[in-house]
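The chain contents come next:
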Amino acid sequence: MKPNFRPAVYAHHQRKDGSFNVKICIFFNGKERRLPTTIYCEKKDLTRSYHIKSQDIMNKANNLIAKMHGAIANLSLYDMESKNVDWLVARIKTKLQAQTFRLDFFAYADQYIAGMGEGTRRTYDTALNAFARFLGRREVDINAITKRLMIDFITFCDNEPKMAVNRHTGAYVKTDSKKRKGLASSTYIYKLGTIFRDAKMHYNDKDEDVVLIPRSPFDGLELETPHAEGEKPITAEVVQRMIQDTTPKAKNGHRYALDALIVSFGLMGMNMADLFEAVPPQDGVLVYRRSKTRDRRADGAEMRVNVPAVLRPYLERLGAGTDARVWLPAMRESSQDKKIVTSRVNRGIRSWCEANGIEPFTTYALRKTWATLARSTGADKSLVDECIGHIGGYKMTDIYAVKPFDRMAELNAKVLAMFVW
């Protein structure tokens with residue numbers, strides 16, 4: 001049985017101002033439901049028996065009925081025979097809502113990232129902040145995000161100077177630092193696309209033919225491969241110079257930076273943020289969860305690293321063994337903010353490079369250097385990935401398999417054996 005629709009006005013539904021709301025009566029499978037509308041009429045628009053005589057009111061009602069017919073145009077014969085009038089009314093309401101659906105992408109994004117760990121949430125925040133700078137506002141309807149808009153955003157990211165946050169004002173300011181072309185755009189597009197696809201999964205229901213977000217602007221975007229300038233690994237010769245450097249502790253922060261970087265290198269490229277958080281090792285084994293990926297890996301990014309004996313003098317200068325709660329208390333002397341501590345190390349090593357005629361690099365370069373040297377030993381790529389705690393493409397393996405910590409320790413020993421300590 002096909003549903004029938006007709007507009008109606010009821011005398012006992014008169015409002016205080018004397019007007020009447022036009023209802024749409026829906027008849028389906030022997031039942032009737034009356035759907036209120038945003039159409040109102042006065043008594044002069046009605047006959048004595050309360051039938052609508054105003055052609056303008058009838059036109060508005062018929063336009064709405066036409067939309068309702070369109071909302072159920074794809075109903076199957078099975079639906080016609082098995083569904084009831086309440087199911088039909090709910091479907092009509094949802095389909096009509098889709099025509100005026102609006103969702104603020106930034107509001108949804110803030111909700112999406114609220115439960116993430118600090119490190120992961122920060123990467124999404126950075127992408128959202130860049131998108132807001134591009135738009136000139138922090139609000140946009142999700143259905144206004146098109147592929148053309150994303151292409152323009154990629155161009156914006158590739159041409160915008162590297163930005164930094166002023167810690168005092170919270171405002172973004174331009175810096176003179178070199179920017180890796182393509183890195184920001186590829187990273188930001190990935191983050192925004194993840195949020196967009198989650199919204200589509202949340203609001204669209206293909207089984208019920210409800211598509212509130214029809215576009216897929218992130219599919220098929222061609223992204224430029226990030227340039228490697230400024231992020232390449234340093235040479236083994238430079239690492240050896242760092243190891244053998246005898247700079248005293250008080251000189252320009254060089255000693256502190258060198259010690260932190262050598263310890264990082266000797267622990268398979270451990271990040272400064274993780275060194276900052278590290279608790280004392282047990283029986284010579286350091287256990288930690290890599291902050292950058294612990295919220296994204298099924299195994300919590302747990303790392304177990306044998307602390308090599310060759311690192312002892314560098315560790316001692318960083319205060320190892322003097323605090324029962326924190327492994328390297330010297331890293332907390334200048335600040336309790338791990339980002340500031342990382343910046344301090346980068347400033348110190350930049351100054352050391354300038355004093356020694358070496359091209360400046362950052363803490364990240366040591367991590368890439370360790371990985372490069374590890375690959376040069378002939379080690380399997382997947383083992384190197386495990387050592388540096390990458391997300392990888394083996395989620396089920398992360399759930400069921402224990403990491404090969406013994407093999408990881410053997411590989412680290414091979415890398416460190418390349419140098420004179």
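These numbers were taken from a predicted model, which means no experiment stands behind them. Every chain is numbered independently, its residues counted from 1 as its sequence is written. Totals for whole chains, interfaces and linings use all residues, but because this is a predicted model, local features are given only for residues with pLDDT of at least 70 and pairs of side-chain atoms are given and counted only at 80 or more. Water and hydrogen atoms were dropped before computing side-chain values, which therefore reflect all heavy atoms in the structure.

The subject of this paragraph is the overall build of the chain. Under the scheme used here, helices are H or I runs from DSSP no shorter than 4 residues and strands are E runs no shorter than 2 residues, and both carry numbers assigned from the N terminus. When its secondary structure is counted, the chain shows 16 helices and 7 strands. Relative accessible area decides the class of each residue, using a 1.4 Å probe on protein chains only: under 20% of the type maximum gives buried, over 50% gives exposed, and in between gives partly exposed. Buried positions account for 44% of the 421 residues belonging to the chain. The contact criterion used is simple: two residues touch if any of their non-hydrogen atoms lie within 4.5 Å. When contacts within the chain are restricted to residue pairs at least 6 apart in sequence, long-range pairs at least 24 apart make up 60% of them. A total of about 23200 Å² of accessible surface is found on the chain, and carbon and sulfur atoms cover 50% of it. The method behind every accessible area is Shrake-Rupley, applied with a 1.4 Å probe, and residues are considered shielded solely by the protein chains displayed.

The next thing to look at is the pairing of strand β2 (residues 20–28). In terms of burial, β2 is largely enclosed, as 8 of its 9 residues are buried. At least two DSSP bridges between two strands are needed for those strands to be called paired. Here strand β1 (residues 4–8) pairs with β2 via 5 bridges, running antiparallel. Counted as the bridge partner of proline 7 is isoleucine 24 from β2. Summarising the sheet, β2 and strand β3 (residues 31–41) pair through 8 bridges and their orientation is antiparallel. Residue pairing across strands places phenylalanine 28 opposite lysine 31, the latter belonging to β3.

Sheet architecture is open: 3 strands sit in the order β1-β2-β3, paired in antiparallel fashion. Each end of this open sheet is capped by a strand with a single partner; those strands are β1 and β3. The average angle at which neighbouring strand axes cross in this sheet is 25 degrees, direction not considered. All axes here are fitted lines through C-alpha atoms, helices being fitted over the stretch that makes contact, and every angle between N-to-C directions spans 0 to 180 degrees.

On to the environment of glycine 348, then. By secondary structure assignment, the location of glycine 348 is in helix α12 (residues 338–355). According to the relative accessible area criterion, glycine 348 is buried, its value standing at 5%. Along the chain, glycine 348 and arginine 255 lie 93 residues apart, while their C-alpha atoms are 8.1 Å from each other. If we skip the residues at most four places from it in the chain, glycine 348 touches Gly253, His254 and Ala257.

Purely geometric numbers; function is a separate question.
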